[in-house]
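# Notes for the structure review
The primary structure of each chain is shown beneath.
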Amino acid sequence: MDDTQIEAGENNKDIEVAPALISVHPNQNSVAVAVGSDLRIFDLLGGRGVSLVDDSAQPFHKDSIRAIRYSPNGKLLVSAADDKLVKIWSTDSWRCISSVCAEKRVSAVAISNDGLYVCFADKFGVVWVVGLHELDGNESLVNRKAAPLLAHYCSIITSLEFSPDGQFIVSADRDFKIRVTVFPKKPLDGAHEIQSFCLGHTEFVSCLAFICTVDYFLGFLVSGSGDSTVRLWDITSGSLLDTCEVGAKSGLLESNGGDEGCYTVSDLCTIPDGNLIAVAIQGLRGVMLLCCELSSKTLNAIKVVSIMGESFIPTSLGSGSDAELLWMVTGVSKLSGSDCDSLARVRVLSGFKKSNPDSDGHELTLLGDDELPGSVKLLEKLQGSVTIEENVFLAAAEAVKTAMCNLLIKKQYTMEKREFRKRGRNDRKIKQ
Amino acid sequence: MLENESNPTISKSTGLPRKRFYRARAHSNPLSDSHFPVPISPGHVDYSFHYPQLVSSDQADSNKKIEFADVGCGFGGLLISLSTLFPETLMIGMELRDKVTEYVKERISALRATNPGQYQNISVVRTNSMKYIPNYFGKGQLSKMFFLFPDPHFKEKNHRRRVISPHLLDEYAYVLEIGGIIYTITDVEELGEWMKACLASHPMFEALTEEELGADPVIKLLSTATEEGQKVARNGGQTFQAVYRRIAPSQ
Ligand SMILES: C[S@@+](CC[C@H](N)C(=O)[O-])C[C@H]1O[C@@H](n2cnc3c(N)ncnc32)[C@H](O)[C@@H]1O
């Protein structure tokens with residue numbers, strides 16, 4: 001990618017619609033949804049919507065949020081947006097305890113397992129790290145400085161993940177690459193030791209997740225990609241253990257026929273303490289469930305859980321670590337031709353039994369709106385409205401689709417443009 | 001090389017490709033996405049294509065691996081010198097400019113044709129080394145990496161285009177075996193300082209001692225073997241080299 005192209009992309013915001021995001025507190029104390037610049041939290045314990053407090057110099061996000069994530073210990077929530085701000089919220093006070101300025105727009109965030117480091121990736125492929133030591137409520141206005149941790153050379157990083165034991169940080173990019181780096185004792189000095197590269201995807205990598213159980217506490221990495229596959233990796237060696245052609249499988253398994261063509265994997269969510277993986281696929285109304293057999297190191301498609309009645313194509317998935325629930329959201333910022341610019345729809349699948357390796361997903365039920373924890377109040381908060389009109393909904397599904405493509409597929413020059421660029425280059429002019 | 005008889009880009013007297021037909025612009029932008037094939041992983045690099053006499057195609061999983069990489073190899077002078085100095089070692093040049101890569105390909109095949117049995121261990125790929133090094137080499141695969149007279153990219157804002165940078169050194173450390181050596185040389189003092197500073201502050205590299213430098217037969221090639229080195233020497237220019245060894249990071 002050309003500098004000028006990236007920089008042009010920085011200003012060209014109207015074409016870049018942002019898909020809605022969801023993240024669930026590890027103990028299911030709360031659930032967060034981001035739509036456009038709006039960050040919405042519902043307190044599941046208290047059964048009410050949360051009002052965030054942000055008295056930093058640049059309060060709240062001013063542009064589309066691109067990543068949200070709870071810390072593994074549940075004490076923090078981090079949000080990052082196209083306004084180049086990374087905001088760290090306390091889940092106790094729901095105050096913004098730090099607002100970090102990034103140099104470029106941010107594409108992914110991760111929080112170390114001890115909750116002491118927030119890492120974020122920018123659009124130039126650099127991963128930054130912020131130390132949170134001595135950060136408490138009294139220091140709310142402190143602008144922490146981020147230090148560069150590692151970089152993928154000029155490739156957009158699409159996902160960042162810590163390994164379950166905290167030893168590695170894994171970063172995935174648009175150039176089909178997954179890099180596994182030792183997370184050092186002093187991260188502010190940079191992470192220089194690369195453990196492995198997981199290479200095998202033939203399109204951009206869109207999402208990463210770890211699957212880990214009591215028996216396999218080191219975990220295995222799973223990744224989703226624009227090549228319509230989900231792959232299973234051993235991160236120590238970088239070896240590809242198995243590939244599941246979810247694009248083809250979703251077409252076969254789904255009774256009412258999927259969308260033709262585009263089977264980009266848009267999100268992955270591993271069901272904690274089990275071997276199930278929920279996969280969101282572009283164009284698929286519902287989710288696909290995969291089962292990871294850890295002993296034989298294989299990935300198998302179990303079934304497609306279809307969502308009937310509405311065009312629900314999830315843009316983001318989430319679950320808490322002791323949860324039986326899979327949370328799904330669909331939505332998009334800046335719906336053209338609509339007054340409501342921050343539409344989202346939340347759905348929940350129930351019945352993931354903890355520690356049941358034989359669970360084949362047959363007991364799963366899609367909760368009705370009145371069965372949701374917090375029911376109407378939750379929907380009012382997270383969706384912005386209890387009911388979502390179907391026509392707006394269809395438009396959102398379409399917008400989400402283009403958003404995913406625009407976000408991740410490389411800008412291709414048209415043939416004429418390429419020829420024109422070539423002609424302008426001196427090395428093409430063969431001197432006689 | 002009968003078929004080249006009428007080809008004006010091949011010199012009739014030497015049978016080697018004429019450089020002037022492969023003249024290229026001086027600097028290219030490593031950030032722009034070009035359209036050339038990239039192997040999915042090091043296991044997908046086609047060795048029998050690059051080294052047909054040494055690796056046969058049915059020997060796909062032969063354990064012979066590329067050990068030297070000349071990054072930004074330009075017209076390939078270093079590879080040609082190294083080829084006879086280390087006849088058992090597989091080496092590859094990586095070059096971004098397509099015309100220059102074509103020139104090196106022609107040059108190697110001409111050398112192979114005129115010197116039967118020789119120059120079988122060198123080859124070249126057109127690629128952006130700053131992006132695709134991990135697609136070509138696995139962990140600890142290389143024993144030597146060369147960065148001879150790289151483009152200087154003077155402007156501060158373009159420093160991230162430099163082939164030696166703190167982040168890229170992480171990748172070079174990954175593909176180099178412990179004890180492997182990274183050779184850099186330039187005629188631009190500022191760039192020389194920069195490369196040395198990047199290497200010196202990296203926890204996985206240490207400088208070779210004067211003694212070790214003296215004992216290494218490759219050192220004298222740095223300033224003499226490549227086209228750029230010869231140009232600098234002709235003009236009586238000064239050169240600045242930094243040669244470092246890959247070490248294990250201290251825990
Ligand atoms: C000044 S020349 C030196 C060539 C050669 N090493 C010599 O000493 O004669 C630098 C070379 O690096 C190449 N180059 C620059 N960036 C590159 C990249 N990212 N990947 C591969 N080659 C690159 C340029 O095309 C150019 O041929």
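Computed from a predicted structure; not experimentally measured.

Cut-offs and rules
- Residues numbered from 1 in each chain as written.
- Chains lettered and ligands numbered in written order.
- Predicted model: local features only at pLDDT ≥ 70, side-chain atom pairs only at ≥ 80, totals over all residues.
- Heavy atoms only, no water.
- Salt bridge = Lys/Arg side-chain N within 4 Å of Asp/Glu carboxyl O.
- Helix = DSSP H or I, 4+ residues; strand = E, 2+ residues; numbered from the N terminus.
- Buried < 20%, exposed > 50% of the residue type's maximum accessible area, 1.4 Å probe, protein only.
- Near = heavy atom within 4 Å.
- Polar contact = N/O pair within 3.5 Å; in protein donor to acceptor, adjacent residues only side chain to side chain.
- Areas by Shrake-Rupley, 256 points an atom, 1.4 Å probe, with all protein chains shown as cover.
- Nonpolar A, V, L, I, M, F, W, Y, C, P; charged D, E, K, R; others polar.
- Axes fitted to C-alpha atoms, helices over the stretch in contact; angles between N-to-C directions.
- Parallel < 35°, antiparallel > 145°, perpendicular 65-115°, else oblique.
- Left-handed = near helix turned anticlockwise from the far one by under 90°.
- Contact = heavy atoms within 4.5 Å.
- Core = buried A, V, L, I, M, F, W, Y, C linked by side-chain atoms within 4.5 Å.
- Pairing = 2+ DSSP bridges.
- UniProt positions renumbered as here; feature names shortened; annotations may be inferred.
- Expected span 1.5 Å × (residues − 1).
- Arc of directions from axis to C-beta.

### Regarding the pattern of salt bridges
Scanning all chains against the criterion turns up 20 salt bridges over all chains. Among the salt bridges present, the one from A:Glu310 reaches A:Arg347, with a minimum N-O distance of 3.1 Å. Linking A:Glu310 in the loop between strand 24 (298-306) and strand 25 (316-318) with A:Arg347 in strand 27 (residues 342-350), this pair joins segments that are 37 residues apart in sequence. For A:Glu310, a relative accessible area of 15% gives the class buried. As a salt-bridge pair, B:Glu212 and B:Arg245 come within 2.7 Å of each other at their nearest N and O atoms. Highlighted residues: B:Glu212 in helix 7 (residues 210-215) and B:Arg245 in strand 7 (residues 240-246), separated in sequence by 33 residues. Given a relative accessible area of 17%, B:Arg245 falls into the buried group. A network of salt bridges, in which partner residues are shared, links A:Glu310, A:Arg345, A:Arg347 and A:Asp369.

### Describing the site of the ligand
Residue and element names in this part refer to chain B. Lining the immediate environment of the ligand, one finds 19 residues, of which Glu95, Arg97, Asn128, Leu148 and Thr226 sit closest. Within the backbone of leucine 96, one N or O atom sits 3.2 Å away from a nitrogen atom of the ligand. In the model, a nitrogen atom of the ligand is placed 2.8 Å from a nitrogen or oxygen of the asparagine 128 side chain. Alone, the ligand offers 590 Å² of accessible surface; in the complex the protein occludes 94% of this. For the shell around the ligand, the secondary structure elements donating two or more residues are strand 2 (90-95), helix 4 (129-136) and helix 9 (227-234). Within the shell around the ligand, the residues separate by chemical class into seven nonpolar, seven polar and five charged.

### Thoughts on the packing of helix 4 of chain B against helix 5 (residues 166-175) of chain B
Residues and elements named next belong to chain B. Where helix 4 contacts helix 5, the two axes come as close as 10 Å, and the packing angle between them is 20 degrees. When the axes of helix 4 and helix 5 are compared, the pair comes out roughly parallel. Relative to helix 5, the crossing made by helix 4 is left-handed. On helix 5, the residues touching Met130, Ile133 and Pro134 of helix 4 are Leu168, Glu171, Tyr172 and Val175.

### What to know about the nonpolar core
All names here are of chain B. Ranked by size, the top nonpolar core spans 45 residues in total, and within it Phe137, Met145, Tyr172 and Ile182 carry the most contacts. A total of six residues in this core trace back to one element, the largest contributor, which is helix 5. Beyond its immediate chain neighbours, meaning those up to four positions away, isoleucine 182 contacts Met145, Phe147, Ile164, Leu169, Tyr172, Leu176, Leu199, Phe205, Ala242, Val243 and Tyr244. If you look at the next biggest cluster of nonpolar residues, it comprises 31 residues, including Leu111, Tyr119, Ile122 and Ile219.

### Section: the sheet that holds strand 21 (residues 265-270) of chain A
Residue and element names in this part refer to chain A. Here we have four strands laid out as an open sheet, ordered 21-22-23-24, and antiparallel in their pairing. Whereas interior strands pair on both sides, the edge strands pair on one side only; in this sheet they are strand 21 and strand 24. If you compare each strand with its neighbour and ignore which way they point, the axes differ by 25 degrees on average. Bridge count between strand 23 (residues 286-293) and strand 24: eight bridges; the pairing is antiparallel. Bridge pairing links glutamate 293 to threonine 298 in strand 24.

### Digging into the environment of A:Ser228
All names here are of chain A. Within the fold, serine 228 resides in the loop between strand 18 (220-225) and strand 19 (230-234). Residue classification places serine 228 among the buried positions, given a relative accessible area of 17%. In this view, serine 228 contacts Cys244, Glu245, Val246, Gly247, Tyr263, Thr264 and Val265; residues no more than four positions away in its chain are not counted. Engagement of the side chain of serine 228 in a polar contact is seen with the backbone oxygen of tyrosine 263, the distance being 3.4 Å.

### As for the sheet that holds strand 7 of chain B
All names here are of chain B. Pairing is mixed in the open sheet, where seven strands are placed in the order 3-2-1-4-5-7-6. Edge strands, defined here as strands with exactly one partner in the open sheet, are strand 3 (122-126) and strand 6 (205-207). Each neighbouring strand pair of the sheet contributes to a mean axis angle of 20 degrees, computed without reference to strand direction. One ladder, built from five bridges, connects strand 1 (residues 66-71) with strand 2; its direction is parallel. Opposite isoleucine 66, over in strand 2, you have leucine 90 as the bridge partner. Docked against the sheet, helix 2 (residues 77-85) engages strand 1, strand 2, strand 3 and strand 4 (142-148), running at close to 180 degrees with respect to strand 2. Against the sheet, helix 3 (residues 98-114) touches strand 2 and strand 3, its axis set at about 160 degrees to strand 3.

### Digging into the UniProt feature "binding site: S-adenosyl-L-methionine" (unreviewed entry) in chain B
Residues and elements named next belong to chain B. Here the UniProt feature "binding site: S-adenosyl-L-methionine" (unreviewed entry) sits at Gly72, Glu95, Leu96, Asn128, Ser129, Leu148, Thr226, Glu227 and Glu228. Along the chain, the position of leucine 148 falls in strand 4. Excluding its chain neighbours within four sequence positions, the residues that come into contact with leucine 148 are Gly72, Leu78, Tyr183, Ile185, Leu222 and Thr226. Within the secondary structure layout, glutamate 227 lies in helix 9. Using a relative accessible area of 14% as the deciding quantity, one classes glutamate 227 as buried. At 2.8 Å, the side chain of glutamate 227 and the side chain of arginine 107 are in polar contact.

### Points about helix 6 (residues 189-200) of chain B
All names here are of chain B. Over its 12 residues, helix 6 extends 16 Å from the first C-alpha to the last, a length consistent with the 16 Å expected when each residue adds 1.5 Å. All of the buried residues in helix 6 are Leu191, Gly192, Met195, Cys198 and Leu199. For helix 6, the angular spread of the buried residues around the axis is 135 degrees, confining them to a single face. Structural note: helix 6 exposes Glu193 and Ala200 on the side pointing more than 90 degrees away from its buried face. Residues of helix 6 that are buried make contact with helix 5, strand 5 (176-186), strand 6 and strand 7.

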